[in-house]
Amino acid sequence: QVQLVESGGGLVQPGGSLRLSCAASGTIFRINAMGWYRQAPGRQRELVARVTSGRSTNYADSVKGRFTISRDNAKNTVTLQMNSLKPEDTAVYYCNADLDNGVIRRDYWGQGTQVTVSS
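Here's a quick rundown of the structure. Fair warning: this is a prediction, and the values are worked out from it, not measured in the lab.

Definitions and cut-offs
Along each chain, the written sequence defines residue order, and numbers are assigned to residues from 1. Per-residue local features of the predicted model are confined to residues with pLDDT of at least 70, and side-chain atom pairs are confined, for both listing and counting, to 80 or more; whole-chain, interface and lining totals are unaffected and use all residues. To get the side-chain values, take all heavy atoms of the structure and skip hydrogens and water. Each helix is a run of DSSP H or I of at least 4 residues and each strand a run of E of at least 2, with the numbering of both proceeding from the N terminus. As a reference, a globule follows 2.2 Å times the number of residues to the power 0.38, and the radius of gyration itself is taken over C-alpha atoms. When accessible area is computed with a 1.4 Å probe and restricted to protein chains, residues below 20% of their type maximum are described as buried, those above 50% as exposed, and intermediate ones as partly exposed. We call two residues in contact when some of their heavy atoms are within 4.5 Å. All accessibility values rest on the Shrake-Rupley procedure with a 1.4 Å probe; residue burial counts only the protein chains present in the view. In summary, the charge assignment counts Lys and Arg as positive and Asp and Glu as negative, without counting His or the chain termini. Charged groups are reduced to one reference atom each: NZ for lysine, CZ for arginine, CG for aspartic acid, CD for glutamic acid. Throughout, nonpolar core names a set of buried Ala, Val, Leu, Ile, Met, Phe, Trp, Tyr and Cys residues whose side chains join them through atoms within 4.5 Å. Any carboxyl oxygen of Asp or Glu within 4 Å of a side-chain nitrogen of Lys or Arg constitutes a salt bridge here. Pairing of aromatic side chains here covers Phe, Tyr and the six-membered ring of Trp, requires ring centres within 6.5 Å, and sorts the geometry by plane angle: under 30 degrees stacked, over 60 edge-to-face, intermediate tilted. Our working definition of a disulfide is a cysteine sulfur pair at a distance within 2.5 Å.

A few words on the overall build of the protein. Check the secondary structure of the protein and you find zero helices and 11 strands. Secondary structure elements of the protein occur, N-terminal to C-terminal, as β-β-β-β-β-β-β-β-β-β-β. Taking 119 residues into account, the globule formula puts the C-alpha radius of gyration at 14 Å, and the protein, at 14 Å, falls close to it. Taken along its principal axes, the extent of the C-alpha atoms in the protein is 45 × 25 × 20 Å. Out of the 119 residues in the protein, the part that is buried amounts to 39%. Restricting the contact set of the protein to residue pairs at least 6 apart, pairs at least 24 apart contribute 55%. Put simply, the protein shows about 6,300 Å² of open surface, and 45% of that area lies on carbon and sulfur atoms. Each charge sign in the protein was given a centre, from 14 positive and 9 negative side chains, and these centres are 3 Å apart.

Encoded structure:
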């Protein structure tokens, strides 16, 4: 059984910062990529940022220059540092892992953490 547990969401004013963390646990053979997605009310889930095992990263255009994703391969964790937050960043943020548990390779998801940017 694999679990992704997120932390760090909350309410912040525009221009503020938040840091999201996600830890993968359970039967893990290899994590190929980890990332963050978000879903705002009435909208589809979208990629925010993603990092591979080799630490190659890609970001949504809307967050480039403001968000930074990082990964600790030894601890199976991924962190999203979000700066200069805007109201349009408000969404539920989900951690994702492209993970091989030794039997099957598939996507795993966290439970989601709310990020609200409002004055």
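Moving on to the nonpolar core. W36, V48, F67, V78, L80, M82 and Y93 are the most contacted members of the largest nonpolar core, which has 29 residues in total. A total of five residues in this core trace back to one element, the largest contributor, which is strand β9 (residues 91-100).

Considering all chains together, one arrives at six salt bridges under this definition. A salt bridge links R38 to D89; the nearest nitrogen and oxygen atoms lie 3.0 Å apart. Taken together, the residues R38 in strand β4 (residues 30-39) and D89 in the loop between β8 (77-82) and β9 connect sequence positions 51 residues apart. When its relative accessible area of 0% is taken as the criterion, D89 is described as buried. Salt-bridge contacts for K64 lead to D61; the nearest nitrogen and oxygen are separated by 3.1 Å. The exposure class of D61 is exposed, given its relative accessible area of 64%. The network of salt bridges with common partners includes R38, E46, R66 and D89.

Now for the packing of aromatic side chains. Aromatic ring pairs: the centre-centre distance and the angle between the two ring planes describe each pair. Evaluated as defined, the whole model comprises one aromatic pair. Measuring from ring centre to ring centre gives 5.0 Å for Y37 and W109, while their planes differ by 70 degrees; the resulting arrangement is edge-to-face. Taken as a pair, Y37 in strand β4 and W109 in strand β10 (residues 105-109) lie far apart in primary sequence, 72 residues in all. A relative accessible area of 36% means that W109 is categorised as partly exposed.

Per the stated rule, a full pass over the model turns up one disulfide. Here C22 connects covalently by a disulfide to C95, the sulfurs 2.1 Å from one another. An S-S torsion of about -80 degrees defines the bridge between C22 and C95 as left-handed. With C22 in strand β3 (residues 18-26) and C95 in strand β9, this pair connects stretches of sequence that are 73 residues apart. When sorted by exposure, C22 lands in the same class as C95, which is buried.

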